[in-house]
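Letter by letter, the chains look like this.
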Amino acid sequence: MPKLVLSLDGVVLREVNLSKDRMTIGRRSHNDLVIDNLAVSGEHAVVFRAGEDVYLEDLGSTNGTTVNGQPIKKHLLQSGDFIEIGKYRLKYLADSGAASEGEVDFDTSQPLRREFYGPGPATIQVRQPGGADEAPAAGSATIRILSGANAGRELVLVKALTTIGRPGYQVAVITRRPTGYFIAHVEGEVFPSVNGANLGSAAHPLKDKDVIELAGVKMEFLQSGGAA
């Protein structure tokens, strides 16, 4: 069943199954999905089915509706589309089951608020591998998915902060600092692992060809321009 995942500042607030042919989104209490924020119009947008397709339509809202950063009036939704209403984000998933099996979500567009991923770079506890004094300088880096539904997919880490994982189950954050790239646990009872070792609660420096396992998916960290 299709669903919408509502989040704010990278933190998932709720998931809504699209169980009706027409579901409204807005600030007023009669909407199917209520977002109680002044930036959201009383009747802001509607999601509706037309045969096998699912559409999003803006209902003449004051502040507008965007999909993947582009303003829309009416849009045919594709799985993975990001809808933005005010400061809130809605991720559309065509099959709510597909996202929970072998799929990892990447979010590079909105940094997490600091309270959601622990201390800042100046105070966060860091484990250095092999007794090294400092991680290698950061060059360009890529995450390559090795298993699951997205096997073969690559993501270039162009942002200072990238969240990866499955919201509500297991989430980690990769940060880019002057001394290199680091991964830290954000959400979930089970910690991610790097090269088979439990990550724990500390931030961990990443090296070229490190294998990360997160939310049941293996991925490889690839870096150029670092130490040999």
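Look above for the structure.
Numbers given for residues are sequential positions, taken from 1 along each chain in its written order. Only residues with pLDDT of at least 70 get local features here, since the model is predicted, and only at 80 or more are side-chain atom pairs given and counted; chain-wide, interface and lining totals rely on the full set of residues. Side-chain numbers here rest on the full set of heavy atoms in the structure, without hydrogens or water.

Colleague: Whenever I open this one, the pairing of strand β2 (residues 11-17) confuses me. Can you help?
Modeller: Where a strand is regular, its side chains alternate between the two sheet faces. Direction of pairing for strand β1 (residues 3-8) relative to β2: antiparallel, over a ladder of six bridges. Residue Leu8 lies in a different strand from β2, and its bridge partner there is Val11. Taken together, β1 and the strand that follows it, β2, pair antiparallel across an intervening segment of two residues, in which Asp9 is found at a positive phi of about 55 degrees. Here, any two strands with at least 2 DSSP bridges between them count as paired. Here a helix means four or more residues in a row that DSSP labels H or I, a strand means two or more in a row labelled E, and each is numbered from the N terminus.

Colleague: How should the nonpolar core be read in this particular structure?
Modeller: When a protein is soluble and globular, its nonpolar side chains tend to lie buried together. In these notes, a set of buried Ala, Val, Leu, Ile, Met, Phe, Trp, Tyr and Cys residues joined through side-chain atoms within 4.5 Å is what counts as a nonpolar core. Throughout this description, buried means an accessible area under 20% of the type-specific maximum (1.4 Å probe, protein chains only), exposed means over 50%, and partly exposed covers the range between. Ranked by size, the top nonpolar core spans 21 residues in total, and within it Leu4, Ile25, Val47, Leu56, Ile83 and Leu90 carry the most contacts. Of all the secondary structure elements, the ones that give two or more residues to this core are β1, β3 (22-26), β5 (45-50), β6 (53-58), β10 (82-85) and β11 (88-93). Per-element accounting of this core gives the leading share, three residues, to β11.

Colleague: Would you explain the sheet that holds strand β19 (residues 197-198) in this entry?
Modeller: Spatially, β14-β13-β22-β21-β18-β19 is the arrangement adopted by the six strands of the open sheet, whose pairing is antiparallel. What marks the edges here is a single partner per strand, and that holds for β14 (154-156) and β19. As defined by bridge partners, strand β21 (residues 210-214) adjoins strand β22 (residues 217-223) across five bridges and the pair is classed as antiparallel. Bridged to Leu214 within β22 is Val217.

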